[in-house]
Amino acid sequence: MKKVQTSKKSLSQFIDVVGEKKIDEIVSLASELKGLRVLHINATSFGGGVAEILHTLVPLMNNVGLKVDWMVLDGSNDFFDFTKKMHNSLQGKEGTISEEEKKLFLRINKANAQSLKEVDYNVIIIHDPQPIAVPKFVDFQDTKLIWRCHIDTSTPNEEFVEFLNSFVEYYDASIFTLKRYAGKLRFRKIYEIPPSIDPLSPKNRELTPNELKASIDKLKVDTNRPLITQVSRFDPWKDPTGVVDVYRELKKELKDLQLLMIGSMASDDPEGWTMYEELLRYIGRDYDVKVLTNFHGIESIEVNAAQRISDVVLQKSIREGFALTVSEALWKETPVVGGNVGGIPTQISHGVNGYLVNNIEEAVEYTKILLTDETLRKEMGKKGKDIVKEKFLITRHLLDYLKLFRDLVK
Ligand code: UDP
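Described below are features of the structure shown in this document. (Residues numbered from 1 in each chain as written. Predicted model: local features only at pLDDT ≥ 70, side-chain atom pairs only at ≥ 80, totals over all residues. Heavy atoms only, no water.)

### With respect to unusual backbone geometry
- Look at Gln 141: it is not a glycine, yet its phi comes out positive at around 50°.
- By secondary structure assignment, the location of Gln 141 is in the loop between strand S4 (123-127) and strand S5 (144-149).
- For Gln 141, a relative accessible area of 65% translates into the label exposed.
- Although it is not a glycine, Lys 220 sits at a positive phi angle of roughly 55°. (Helix = DSSP H or I, 4+ residues; strand = E, 2+ residues; numbered from the N terminus. Buried < 20%, exposed > 50% of the residue type's maximum accessible area, 1.4 Å probe, protein only.)

So this is what it looks like as structure tokens:
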């Protein structure tokens, strides 16, 4: 395993965003936990929501007096092929596990566990299925172990659930985005903690006019014409071809419409490239559709700009743990049309800060309502920001973690 270096962050910077009272509450609770040694383990330091969160959560935990590290798993391509299959099956896709795959999974987890033989942490948080078997290979003695699940495991493929259940005995507790996701997983203690965004990160902070202009140049969109955007890994559950269908239907009437699709390639997601190529084929020669990735230099600032300048952001997922992209867009006062699945309805109230949709027809209908009514877009955008401020900022997330640590170690 490799340690991830994160940049320094200071909790006091958030006073202007959430107010002194909330910050004081965090500081006070953290003082009870001063020096607590915590380790986060996940599969990748870049691409996807978990890495996004840890880049802020880890430095903030350190800033409030805990001693926190973050390590990422070393895995081979065939390991990540299997864990992506596992991810898909846990979200309900058909599939079986072969004995070879089980052996491969355990072998890689065991090899990674070697890095933990000499360490001493009070709490270890293991994110998602990829490293779930690590504790099988280390005698952690007094360390409290937590499994943090970021995916929607409420209607999973049974064979994969049973496989995960063979590791629950090593854990003291688990965290799910929604309690109901725990489904048939037999963890001792279940905590519900929704994810969050960092309002001050390059992804979400205000941009200077120069940054905005430079980003628009890179995104190659025309800001004088209507724009809809989806930001997502290229993953079947995010329904990228469905997004193209929605655009095509709208384009029949709104001739000026542009579609921007931004996707990053995460190192633990080998499906990304295949999906990307398929998507380009599906789009064909429509110059009003732009498909951009981190390989085109589209990083956090450009994603930030895209979410800001879009008239409507889509998140047309058909399964979704949470979708940070929804809160990210709402924070920028852009209304979102999102799939009525998983964690999306916790962020979007239908008709208040966007719309929840169950199919392409509904996505077309509601995106059109927004595209043709600027006042409504503004109103909904404002309400969207309020909801994120109340529920989905990193400060609330940090406080939830501290409460959990107090529960487990005291
Ligand atoms: N993301 C990004 N660039 C991309 C695609 C995604 O920075 O091209 C970020 C996105 O802004 C969000 C995260 O990756 O912060 C995706 O998290 P989400 O919870 O939406 O989905 P996940 O990938 O974890 O399923």
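### Considerations on the packing of helix H11 (residues 324-331) against helix H14 (residues 374-391)
- Following both chains from N to C, one finds H11 and H14 inclined at 120°, their axes separated by 7 Å at the closest point. One way to sum up the angle between H11 and H14 is to call them oblique. Classified by chirality, the crossing of H14 by H11 is left-handed. In this structure, H11 uses Ser 327, Leu 330 and Trp 331 to contact H14, whose residues at the interface are Gly 381, Gly 384, Lys 385, Val 388 and Lys 389.
- The class makeup of the residues in the contact of H11 with H14 is 3 nonpolar, 3 polar and 2 charged. (Axes fitted to C-alpha atoms, helices over the stretch in contact; angles between N-to-C directions. Parallel < 35°, antiparallel > 145°, perpendicular 65-115°, else oblique. Left-handed = near helix turned anticlockwise from the far one by under 90°. Contact = heavy atoms within 4.5 Å. Nonpolar A, V, L, I, M, F, W, Y, C, P; charged D, E, K, R; others polar.)

### Observations regarding the packing of aromatic side chains
- Counting across every chain of the model gives 17 aromatic pairs.
- Ring centres of Phe 105 and Phe 163 lie 5.4 Å apart, and the angle between their planes is 65°; this geometry places the pair in the edge-to-face category. Of this pair, Phe 105 sits in helix H5 (residues 99-113) while Phe 163 sits in helix H6 (residues 158-165), placing them 58 residues apart in sequence. Side by side, Phe 105 and Phe 163 carry an identical accessibility label, which is buried.
- With a centroid separation of 5.2 Å and an interplanar angle of 80°, the aromatic rings of Phe 163 and Phe 167 are classed as edge-to-face.
- Phe 163 sits in the buried class, given a relative accessible area of 7%.
- When its relative accessible area of 2% is taken as the criterion, Phe 167 is described as buried.
- Arg 248 extends its terminal NZ or CZ atom over the ring of Tyr 282, reaching a point 5.0 Å from the ring centre. (Phe/Tyr/Trp six-rings, centres within 6.5 Å; stacked < 30°, edge-to-face > 60°. Lys NZ or Arg CZ within 6 Å of the ring centre and 35° of its normal.)

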